[in-house]
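These are the residues of each chain, in order.
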Amino acid sequence: MNHIVLFEPEIPQNTGNIMRTCVATNTHLHLIKPLGFILDDNHLKRCGVNYIDKLKYDVYDNFDDFMKKNSNGEYYYFTRYGKKPHTSFDYSNKESKDLYFIFGKESTGIPKEILKNHLDHCMRIPMSDNVRALNLSNSCAIVIYEVLRQQDFNDLLRYEPFKGEDYLEK
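The paragraphs below set out a description of the structure included in this document. (Residues numbered from 1 in each chain as written. Predicted model: local features only at pLDDT ≥ 70, side-chain atom pairs only at ≥ 80, totals over all residues. Heavy atoms only, no water.)

## Considerations on the overall build of the chain
Next, step 1: The helix and strand inventory of the chain stands at five helices and seven strands.
Next, step 2: Secondary structure elements of the chain, listed N to C terminal, follow the sequence β-α-β-α-β-α-β-β-β-α-β-α.
Next, step 3: For the chain, whose C-alpha radius of gyration is 16 Å, the value lies close to the compact-globule estimate of 15 Å for 170 residues.
Next, step 4: Seen along its three principal axes, the alpha-carbon backbone of the chain occupies a region of about 55 × 40 × 40 Å.
Next, step 5: Across the chain, the fraction of contacts at a sequence separation of at least 24, relative to all contacts at a separation of at least 6, is 81%.
Next, step 6: Total accessible area on the chain is roughly 10100 Å²; 48% of this is exposed by carbon and sulfur atoms.
Next, step 7: Each charge class in the chain was averaged separately, 22 positive and 24 negative side chains, and the resulting centres sit 4 Å apart. (Helix = DSSP H or I, 4+ residues; strand = E, 2+ residues; numbered from the N terminus. Rg over C-alpha atoms; globule rule 2.2 N^0.38 Å. Contact = heavy atoms within 4.5 Å. Areas by Shrake-Rupley, 256 points an atom, 1.4 Å probe, with all protein chains shown as cover. Lys, Arg positive; Asp, Glu negative; His and termini not counted. Charge placed at Lys NZ, Arg CZ, Asp CG, Glu CD.)

## Remarks on helix H5 (residues 136-150)
Next, step 1: The terminal C-alpha atoms of H5, which comprises 15 residues, lie 22 Å apart, in line with the 21 Å expected from a rise of 1.5 Å per residue.
Next, step 2: Among the residues of H5, Leu136, Ser137, Ser139, Cys140, Val143, Ile144, Glu146, Val147, Leu148 and Gln150 are the ones counted as buried.
Next, step 3: Buried residues in H5 make contact with strand E1 (2-7), helix H1 (12-25), strand E4 (74-78) and strand E6 (99-103).
Next, step 4: N-capping of H5 is provided by Asn135, with a side-chain oxygen placed 2.8 Å from the backbone N of Ser137.
Next, step 5: Phi turns positive, to about 55°, at Asp152, one or two residues after H5. (Expected span 1.5 Å × (residues − 1). Buried < 20%, exposed > 50% of the residue type's maximum accessible area, 1.4 Å probe, protein only. Polar contact = N/O pair within 3.5 Å; in protein donor to acceptor, adjacent residues only side chain to side chain.)

## Some details on the nonpolar core
Next, step 1: One finds Ile4, Leu6, Leu29, Phe101 and Phe103 to be the most contacted residues of the largest nonpolar core, which totals 27 residues.
Next, step 2: When residues of this core are traced back to their parent elements, those giving at least two are E1, H1, strand E2 (28-32), E4, E6 and H5.
Next, step 3: Top element by residues in this core is H5. It accounts for six residues.
Next, step 4: Counting 14 residues, the second-largest nonpolar core is a separate cluster that includes Ile32, Phe63, Ile114 and Leu115. (Core = buried A, V, L, I, M, F, W, Y, C linked by side-chain atoms within 4.5 Å.)

Shown next as structure tokens:
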């Protein structure tokens, strides 16, 4: 299974967008406190998360709590200081282990104390030198769709389910 992990997310709209992406891609979301927002129905609905009932997610008190409860899997860390592009890893063997893609908080990222122990799995989404980093929600979408591309999109629909597979031909 694929997992997106948000380390201390600060902006509720980003988290709302990531929640939508997780629902669309059957990805499990993990939120590590402290959160920069209140995680309740009213606040989530304001962020456009009206599909929360379909979201698989867990909340943790801190990074150690997350690691204790998710000890099996392969972990990938996203940082602007990473030296490998996200496309340099093989994610295609989806049956062998859970894959965790860890993203840091919007203002400061993942702490160096965590990253320095995992340098071989620190990644960066390639970009020009005109920006420091991409938006968190965009980064999560870029990464999870690369993972799914390598996994042949698992069981995701390849056609629009509401108007039908032949909508354009009609």
